[in-house]
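For reference, the chains in residue letters:
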Amino acid sequence: MRGRGDARSSSALAVSWRPATWHPRLDMGRLSRPMSSFNYRNLPRLLLFFLFVGSFNCLASYSRATELLYSLNEGLPAGVLIGSLAEDLRLLPRAGSRDPQSQPTEHSGTELNPPLSFSLASQGLSGQYVTLDNRSGELHTSAQEIDREELCLEGGGGAAWGGSISISSSRSADSCLLLLDVLVLPQEYFRFVKVKIAIRDINDNAPQFPVSQISVWVPENAPVNTRLAIEHPAMDPDIGTNGVQTYRLLDYHRMFTLDVEENENGERTPYLIVMGLLDRETQDQYVSIIIAEDGGSPPLLGSATLTIGISDINDNCPLFTDSQINVTVYGNATVGTPIAAVQAVDRDLGNNAQITYSYSQKVPQASKDLFHLDETTGVIKLFSKIGGSVLQTHKLTILANGPGCIPAVITALVTIIKVIFRPPEIVPRYIANEIDGIVYLKELEPVNTPIAFFTIRDPEGKYKVNCYLEGEGPFRLSPYKPYNNEYLLETTKPLDYELQQFYEIAVVAWNSEGFHVKKIIKVQLLDDNDNAPVFLQPLVELTIEENNAPNAFLTKLDATDADSGERGQVSYFLGPDAPSYFSLDSVTGILTVSTQLDREEKEKYRYTVRAVDSGKPPRESVATVAITVLDKNDNSPRFINKDFSFFVPENFPGYGEIGVISVTDADAGQNGWVALSVVNQSDIFVIDTGKGMLRAKVSLDREQQSSYTLWVEAVDGGEPPLSSTAKITILLLDINDNPPLVLFPQSNMSYLLVLPSTLPGSPVTEVYAVDKDTGMNAVIAYSIIGRRGPRPESFRIDPKTGNITLEEALLQTDYGLHRLLVKVSDHGYPEPLHSTVMVNLFVNDTVSNESYIESLLRKESEINIEEKQPQISIEPTHRKVEPGSCMPTLVALSVISLGSITLVTGMGIYICLRRGKMHHREDENLEVQIPLKGKIDLNVRERKPMDISNI
């Protein structure tokens, strides 16, 4: 069941009617439209309307303009059915609709001929959001999602037909319309349909404040329940209950609360309400988070920082911290000298905290004339020269005045000390170099270096005069005996220009009346080259990647010299142990390397550098430079050999150790880590990454494959990784694991007719066998080990070829069946293997009764086995070992085994080299003979010549 948008239709210039009650509903994410029904209570109104417009019936009958109204939620996905124009225009019957009260449709058939065609009259903005099926007339949402706020609140246009957007002034659910013009063809069904799609709002927008920081100022004397509107309320593009509904504070600080007022247009404004007494001097600011919440389900939130500033009022007056200060002034003080300052504090701000100072009316005018008070700063200065008749004590009452406040009061008690008019005299006599009042000393001067003599005396000769040294520095002033009133100024410590270059001291003389006289002495030190350059780091540790660019920057050496001028200028030089391809700029101290460094060639460099100053004589210091060349993955793994060859006996157990593949990588660390893998035949062979041990996963059979050639790849751990490959050849050594296979005769039940006229020495037949092994393991010998018949000894077998020949002429008594048990044995080591076959020879002129012969073959008669070693001209490779000689034999076997392995290895290499030269010798080798009689399947085994001498 499909749902679609609500539809309302009306015919232009005709009666427009719709059901009295209509409730749209949402079905499965799509809007469903109500079923139309006829209301009989509207019948009288319809009749009156037809009478009124009777004169326009002709025009109305040709009118085919219709209006449809749909509604749907914003944000629906593509493909949601809005409505079917064919059904809503009654051009097609509704499936399953049999309401007798519904209006009859214009066409009763479900298929119309010619078919209906629907198209948009113009492709406007509205056409981007809907798709119209040209055949069915179904209207669906398009891939362009409908956003009601974007269409109707930000970019909406006028309500014009042909694909536009209509916006009403009210923020209601139907205030946003998409307008479409649809043409219905062909001519006999022509309709010009105006489609309105009302976009319903959903809660898809959270409230948002226009600014992230909102400030509200509240006077500190604001009474409780004071209401202040918060500017910049939150905005929500959604409408109705989806818009902003309420506000709240995250922290009310127990001082405030929020209230929301709604105006006539439905806009809500938050108000801040003061709930407690405020004091700016206690706390001048409150910060909280204001949260706006809409009425959606679930509700969406927006927030901003609300800063509540407390504005100042004049609720504090100036205050002095003390009630009285005492001031002493010497009688010879200079006019304009500040003698004291008073300061009051007002906790208010701005104009409320402005303070002015003034004398009280109780202060005598003489005191006001002698001491001036600055009304802004509160500084008291000596305004006129102190005369001999001036009072020694002055009481100054000072007022601190604030706006609207009672003045604060402080008393300044000034005491004047009279001075003698002929002070003591200080007469210097300099020893050190003195120019324009500045004494110059070298920093290398020794301790107790004299600077100057001072004579201290009283001009009037009636007062005792003392003196002392004032100031910081390595100096002292001491009486120079045996003279009176003579003092020597000298140094007490070594002077250091680098610690301090200038001193200012004073020689103070005072008499018994308390009068003081000062003589200022300035001492300037002269610098000497007493400091060598100092490297910031005595050991400079550097790293550089190998394969660096030429003239690569390494570091900038930095040495400092505490001396001044040329004595502090530092030059840099390489030590004698520095390689020639390192360069050091003597001025800047920049260290570079002129060539590429190779870590594999040399990883660490260590040499010295010198820093030399320009003093006379020059001083220098030495630092050590340690350079570590960092590895780069510039070396591929390298195998010890390009080709590896291993000789392995066949039937070698699975995962046995075949041999070690040795590989190295000149790089270090991760770059030098090598992983080995088998490139081909990895299903048979595997290699240990760590040890390089090559193993076979399965047991190897030489008869199936005599050698293996595989490639092993070595990959390092660098980035990107480098690799190399090596060729591995594995040769399987034969083991006697296959007994001879008799190919002829093919069965123990076969027989061969031998004519009595056969001459002695004539070949009768042969035994043909092959051995899958090689070498001595494949050399076959034939022997008859059992006989049965009239005279079976008349036949013999060649031990090499297996040919059976007649030895003696056949007699009349030799007629019948002769049975020969032939043993086919190889010469394998350590144990030869063999097979047996029964050769049946029937001596007669003809074969007249085959069944009789077959019955003879089926008889199980015993055959005496005569074990005889076949006589073949091959020297035995081993002999029977006596039990009493086990230990010497074991030692000999061990030596022979070791020699055999060496010999076999050399022979294997020789065979590989001589393989191409072996074909011309094939005719000289032993060949397997073809049977004289009978048929043999030559495809069973291809006999290959065997060169015994090579084995």
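Residues numbered from 1 in each chain as written. Predicted model: local features only at pLDDT ≥ 70, side-chain atom pairs only at ≥ 80, totals over all residues. Heavy atoms only, no water.

Section: the overall build of the chain
Inference 1: A count of helices and strands for the chain gives seven helices and 64 strands.
Inference 2: Going through the 951 residues of the chain one by one, you find that 39% of them count as buried.
Inference 3: Taking as baseline every contact in the chain between residues at least 6 positions apart, the subset at least 24 positions apart corresponds to 68%.
Inference 4: Of the accessible surface of the chain, which amounts to about 53900 Å², a share of 52% is contributed by carbon and sulfur atoms. (Helix = DSSP H or I, 4+ residues; strand = E, 2+ residues; numbered from the N terminus. Buried < 20%, exposed > 50% of the residue type's maximum accessible area, 1.4 Å probe, protein only. Contact = heavy atoms within 4.5 Å. Areas by Shrake-Rupley, 256 points an atom, 1.4 Å probe, with all protein chains shown as cover.)

What about the state of the cysteines?
Inference 1: Taken as a whole, this structure holds one disulfide when the rule is applied.
Inference 2: Here Cys317 pairs with Cys405 through a disulfide, and the sulfurs are 2.2 Å apart. Between Cys317 and Cys405, the S-S dihedral sits near -85 degrees, and the bridge is therefore left-handed. Here Cys405 lies in the loop between β26 (393-401) and β27 (408-417) and Cys317 lies in the loop between β18 (301-311) and β19 (319-320), a separation of 88 residues in the sequence.
Inference 3: The class of Cys317 is partly exposed, set by a relative accessible area of 33%. (Disulfide = S-S within 2.5 Å.)

Structural notes on the side chain of Arg599
Inference 1: Relative to the assigned elements, Arg599 resides in the loop between β43 (590-593) and β44 (604-613).
Inference 2: Among the polar contacts made by the side chain of Arg599, one reaches the side chain of Glu600 at a distance of 3.2 Å.
Inference 3: Setting aside residues no more than four positions away along its own chain, Arg599 makes contact with Glu546, Val629, Leu630, Asp631, Ala666, Asp667 and Ala668. (Polar contact = N/O pair within 3.5 Å; in protein donor to acceptor, adjacent residues only side chain to side chain.)

Details of the nonpolar core
Inference 1: Ranked by internal contacts, the top residues of the largest apolar core, which has 30 residues, are Leu85, Phe118, Leu139, Val195 and Ile197.
Inference 2: Among the secondary structure elements, those contributing two or more residues to this core are β4 (65-73), α3 (85-88), β6 (117-120), β7 (130-132), α4 (148-154), β10 (176-185) and β11 (191-200).
Inference 3: Among the elements that make up this core, the one with the highest residue count is β10 (five residues).
Inference 4: The contact partners of Leu85, leaving out residues within four places of it in the chain, are Leu68, Tyr70, Phe118, Leu132, Gly137, Val182 and Val195. (Core = buried A, V, L, I, M, F, W, Y, C linked by side-chain atoms within 4.5 Å.)

Digging into the sheet that holds strand β13 (residues 227-229)
Inference 1: Judged by pairing direction, the sheet is antiparallel, and its three strands sit side by side in the order β13-β16-β15 without closing on themselves. Edge strands, defined here as strands with exactly one partner in the open sheet, are β13 and β15 (256-262). Taken over all neighbouring pairs, the strand axes of this sheet differ in orientation by 35 degrees on average, direction set aside.
Inference 2: The pairing of β15 with strand β16 (residues 268-274) spans seven bridges and is antiparallel. Note that in β16 the partner of Val260 across the bridge is Pro270. (Pairing = 2+ DSSP bridges. Axes fitted to C-alpha atoms, helices over the stretch in contact; angles between N-to-C directions.)

Section: the pairing of strand β59 (residues 780-788)
Inference 1: Of all nine residues in β59, seven are buried, a share of seventy percent or more.
Inference 2: Of the strand pairs in this sheet, β59 and strand β62 (residues 816-826) are connected by eight bridges, and their pairing is antiparallel. If you follow Ile780 over to β62, its bridge partner there is Asp826.

A short note on the pattern of salt bridges
Inference 1: With the rule as written, the count across this model stands at 23 salt bridges.
Inference 2: Where Arg227 meets Asp259, a salt bridge forms, and the shortest distance between an N and an O atom there is 3.0 Å. Of this pair, Arg227 sits in strand β13 while Asp259 is found in strand β15, placing the two residues 32 residues apart along the sequence.
Inference 3: Take Asp259: its relative accessible area is 28%, and that puts it in the partly exposed class.
Inference 4: As a salt-bridge pair, Arg599 and Asp631 come within 2.9 Å of each other at their nearest N and O atoms. Taken together, the positions of Arg599 in the loop between β43 and β44 and Asp631 in the loop between β45 (620-630) and β46 (638-639) put the pair 32 residues apart, joining distant regions of the chain.
Inference 5: Taking relative accessible area as the criterion, Asp631 reaches 16% and is therefore assigned buried.
Inference 6: What emerges from the salt-bridge pattern is a single network uniting Arg599, Glu600, Glu603 and Asp631. (Salt bridge = Lys/Arg side-chain N within 4 Å of Asp/Glu carboxyl O.)

Thoughts on the environment of Val612
Inference 1: In this fold, Val612 is placed in strand β44.
Inference 2: Since its relative accessible area comes to 14%, Val612 is described here as buried.
Inference 3: With 78 residues separating them along the chain, Val612 and Val534 place their C-alpha atoms 9.6 Å apart.
Inference 4: Non-local contacts of Val612, meaning those with residues more than four positions away in its chain, are made with Pro533, Gln569, Val570, Ser571, Phe573, Pro618, Arg619 and Glu620.

Points about helix α6 (residues 850-858)
Inference 1: Those residues of α6 that fall on the buried side of the exposure criterion are Ile853, Leu856 and Leu857. The arc that holds the buried residues of α6, viewed along the axis, is 100 degrees, so those residues lie on one side. (Arc of directions from axis to C-beta.)

Topic: the environment of Ile426
Inference 1: The residue Ile426 is located in strand β28 (residues 425-430) in this model.
Inference 2: Under the relative-accessibility criterion, Ile426 is labelled buried at 15%.
Inference 3: Along the chain, Ile426 and Val508 lie 82 residues apart, while their C-alpha atoms are 8.5 Å from each other.

Here we look at the packing of aromatic side chains
Inference 1: Considering all chains together, one arrives at 14 aromatic pairs under this definition.
Inference 2: Look at Phe256 and Tyr286: their rings are 5.3 Å apart centre to centre, the planes differ by 75 degrees, and that puts the pair in the edge-to-face class. With a gap of 30 residues between them, Phe256 in strand β15 and Tyr286 in strand β17 (residues 285-294) connect regions that are remote in the sequence. Assigned by exposure class, Phe256 and Tyr286 land together as buried.
Inference 3: Ring centres of Phe320 and Tyr357 lie 6.4 Å apart, and the angle between their planes is 45 degrees; on these two criteria the pair is classed as tilted. Taken as a pair, Phe320 in strand β19 and Tyr357 in strand β23 (residues 356-359) lie far apart in primary sequence, 37 residues in all.
Inference 4: Among the residues examined, Tyr357 registers a relative accessible area of 7% and is labelled buried. (Phe/Tyr/Trp six-rings, centres within 6.5 Å; stacked < 30°, edge-to-face > 60°.)

A word on unusual backbone geometry
Inference 1: The amide bond that connects Leu185 to the next residue, Pro186, takes the cis arrangement and shows omega of 10 degrees.
Inference 2: With respect to the element layout, Pro186 can be found in the loop between β10 and β11.
Inference 3: Of the consecutive residues Glu719 and Pro720, the connecting peptide bond is found in the cis state with omega at 0 degrees.
Inference 4: Inspection of the secondary structure puts Pro720 in the loop between β53 (707-716) and β54 (723-733).

Re the sheet that holds strand β47 (residues 643-649)
Inference 1: The strand order across the open sheet built from four strands is β47-β54-β53-β50, with neighbouring strands paired in mixed fashion. The strands lining the two open edges of the sheet, one partner per strand, are β47 and β50 (674-678). On average, each strand axis in the sheet is inclined to that of its neighbour by 25 degrees, with strand direction left out of account.
Inference 2: Inspection of the sheet shows β53 paired to β54 by nine bridges, in the antiparallel sense. Along β54, the bridge assignment pairs Val715 with Ser723.

Thoughts on the environment of Asn748
Inference 1: By the secondary structure assignment, Asn748 is in the loop between β55 (741-744) and β56 (751-754).
Inference 2: Those residues in contact with Asn748, other than ones at most four positions away along the chain, are Arg819, Val837, Met838 and Asn840.
Inference 3: A polar contact of 2.8 Å, which involves the side chain of Asn748, links it to the backbone nitrogen of Met838.

Looking at the confidence of the model for the chain
Inference 1: Per-residue pLDDT for the chain averages 79, and the proportion of residues at 70 or more is 78%.
Inference 2: When the criterion is pLDDT under 50, residues 1-63 qualifies, and its contacts beyond four places in sequence or with other chains add up to 108 contacts.
Inference 3: Low confidence marks residues 155-163, where pLDDT is under 50. Its contacts with residues over four positions away, or in another chain, come to 29 contacts. (pLDDT = per-residue confidence, 0-100.)

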